[in-house]
Amino acid sequence: MMNREMYEKRMKDEKEKRELVKNDPYRLAYHIQPPMGWLNDPNGLCQIDGTYHIYYQYSPFEPKGGTKLWGHYTTKDFIRFQEHEPFLFADTRADERGVYSGSAFVEDGTIYFFYTGNVKLFDRDDYDYCNNGREQNTILVTSQDGFHHTEKEWLLKNSDYPQDMSTHVRDPKILKRKDTYYMVLGARDQDSHGLLLIYSSKDLRHWSLFDRLSIPDFGYMWECPDLFELDGELFLVFSPQGLEAQGLEYRNVYQTGYCKLELDFDTMEYQFGPFIELDRGFDYYAPQSFLDEQGRRIQFGWMGMGDAPYTNEPTLKYEWQHAFTIPRQLRAKEGRLYQTPLKELEALRNEKKEFSFENFSYAPETKQFELDIHFDHSKPFVLHLNEDIQLSFDGSILSLSMKESGYGRDMRGIELDAIEDLQIFIDASSIEIFVNDGYTVFSSRAYPKEGWKLSLETEARGTIVYYALNKIEVSDGD
Ligand code: FRU
């Protein structure tokens with residue numbers, strides 16, 4: 001349990017932690033990160049009356065994670081942010097062990113927030129983590145402004161999910177088609193197969209099971225499903241757990257990716273296209289997207305990874321852990337999702353320098369910058385970001401290796417015929433590399449010991465544009 005009073009008291013008692021966080025040399029300059037403590041999934045993303053609301057899984061007092069609340073930032077331009085008090089507290093019988101992930105659905109000026117209320121049942125005599133260890137309640141609150149909400153309405157509980165489900169059913173997201181609302185939930189059945197449950201409703205309050213979708217032998221749990229239409233095509237983004245590594249695929253703790261989905265909403269027949277990993281770095285998980293008022297589909301991901309073996313993040317000494325990636329705009333092209341940095345981030349650019357490929361070597365003075373590399377023709381290359389982080393292309397595989405700066409992260413890659421361009425965002429402890437206009441991305445936390453030192457080895461020719469980046473402004477909104 002963590003209600004508002006408990007939170008406010010601990011904020012007073014543990015004030016000095018906030019100051020400690022600020023002293024961390026690895027604190028990021030232009031990413032969303034928790035004011036203190038732990039952050040994981042993006043939640044409830046929406047825009048209302050011009051203001052973007054960004055909520056997140058938040059354990060303010062436990063940098064290794066604990067009872068989750070919904071932390072809250074707002075922005076109008078993705079450059080100036082305001083921090084607010086948590087929006088949702090773990091303060092009822094239905095969510096006493098955490099306000100878990102969920103989403104926002106905006107209609108006629110009202111925001112409908114759906115989330116999972118988590119209850120842990122550790123003290124049962126017959127406790128079994130998978131099949132009876134939890135209650136996962138689907139809960140609704142509504143809001144007119146994103147700051148105040150109605151009482152929590154308990155919509156679905158364990159006994160409402162199909163009988164063969166384990167007690168892992170969570171992370172609701174809404175899609176509207178014609179006059180029907182569909183809610184997707186990620187699930188694990190009692191035989192440990194991951195799947196998607198779809199509920200339908202005419203009024204956003206009464207839900208009945210519509211369909212269940214699965215891919216044979218594809219992980220034991222599917223987390224954070226996001227079902228949306230983009231340019232007339234239906235995509236399902238989700239984070240399956242339990243995939244075995246195969247060649248260059250799935251070489252990470254857990255994956256995040258998408259399938260193009262053919263789903264006939266009348267006959268319920270469906271077919272999944274191939275699963276494509278959204279990101280080839282080490283830290284990209286549980287992303288969520290939303291449609292903004294300009295009609296752009298914007299996605300934030302958690303730049304972190306659940307159950308990662310690398311639990312020795314240096315930021316822990318400073319009482320915080322994890323961040324979001326920069327926001328990306330999604331576009332559909334040839335059945336794939338392309339991801340490009342949100343246009344607004346161009347306003348962070350300040351000092352600009354241009355380089356040619358020949359003998360490129362540069363040690364930036366700032367910790368945060370952007371590097372736009374254009375290849376006149378594709379040839380193998382090795383791009384060093386410092387002494388032990390490198391991006392290499394051998395003519396058919398593009399790979400990222402991290403060594404010591406990676407604190408346990410090793411090597412990830414993707415097969416590609418050619419590299420045309422790289423747009424690289426570096427912050428004090430993160431790298432995000434957009435490849436070939438957003439065909440794929442590599443996102444990872446990285447902790448260089450002596451800053452960044454760039455150089456490029458290649459026979460290719462091309463141009464490099466460097467921009468030092470400003471910090472985003474974050475003010476205390478309350
Ligand atoms: C994904 C996830 C979700 C869950 C939340 C809890 O990272 O495990 O499935 O709702 O985090 O913090």
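Residues numbered from 1 in each chain as written. Predicted model: local features only at pLDDT ≥ 70, side-chain atom pairs only at ≥ 80, totals over all residues. Heavy atoms only, no water.

### Quick word on the site of the ligand
- All residues in the neighbourhood of the ligand are listed as N40, D41, Q57, K68, Y100, S101, R170, D171, E223, Y285 and W302.
- Within the side chain of N40, an N or O atom sits 3.1 Å from an oxygen atom of the ligand.
- Taking 320 Å² as the accessible area of the ligand by itself, protein coverage stands at 91%.
- Applying the majority rule of atoms within 2 Å of the grid points places the ligand in the largest pocket.
- Every element with two or more residues in the shell around the ligand is listed here: β1 (37-48), β5 (99-107) and β9 (165-177).
- The residue makeup of the shell around the ligand, split by class, is three nonpolar, three polar and five charged. (Near = heavy atom within 4 Å. Polar contact = N/O pair within 3.5 Å; in protein donor to acceptor, adjacent residues only side chain to side chain. Areas by Shrake-Rupley, 256 points an atom, 1.4 Å probe, with all protein chains shown as cover. 1 Å grid on protein atoms, 1.4 Å probe; cavity = no way out; pocket = protein on both sides within 12 Å on 5 of 7 lines; lining within 4 Å. Sits in = over half its atoms within 2 Å of the grid points. Helix = DSSP H or I, 4+ residues; strand = E, 2+ residues; numbered from the N terminus. Nonpolar A, V, L, I, M, F, W, Y, C, P; charged D, E, K, R; others polar.)

### Description of the pattern of salt bridges
- Throughout the structure, instances matching the rule amount to 33 salt bridges.
- Across the pair K17 and E14 runs a salt bridge whose closest N-O atoms are separated by 2.7 Å.
- Beyond isolated ion pairs, a larger network of salt bridges with shared partners links R10, E14, K17 and E319. (Salt bridge = Lys/Arg side-chain N within 4 Å of Asp/Glu carboxyl O.)

### Side note on the environment of W38
- Counting through the fold element by element, W38 comes out in strand β1.
- Classification of W38 as buried rests on a relative accessible area of 11%.
- Along the sequence, W38 and Q423 sit 385 residues apart, while their C-alpha atoms lie 28 Å from each other.
- Apart from residues lying up to four places away in sequence, W38 is in contact with Q57, Y58, S59, E62, P63, K64, G65, K68, W302, Q321 and H322.
- Within polar-contact distance, the side chain of W38 engages the side chain of N40 at 2.8 Å. (Buried < 20%, exposed > 50% of the residue type's maximum accessible area, 1.4 Å probe, protein only. Contact = heavy atoms within 4.5 Å.)

### Details of the sheet that holds strand β12 (residues 208-213)
- Strand order in the open sheet formed by four strands is β9-β10-β11-β12, with antiparallel pairing between adjacent strands. Strands with a single pairing partner mark the edges of an open sheet, and in this sheet they are β9 and β12. The average undirected angle you get between the axes of adjacent strands in this sheet is 25°.
- Note: strand β11 (residues 194-201) against β12, five bridges, orientation antiparallel. Bridge pairing links L197 to R212 in β12. (Pairing = 2+ DSSP bridges. Axes fitted to C-alpha atoms, helices over the stretch in contact; angles between N-to-C directions.)

### With respect to unusual backbone geometry
- At D307, a residue that is not glycine, the phi angle is positive and equals roughly 55°.
- Tracing the chain through its elements places D307 in the loop between β19 (297-303) and β20 (320-321).
- With a phi close to 45°, Y407 is a non-glycine residue in the positive phi region.

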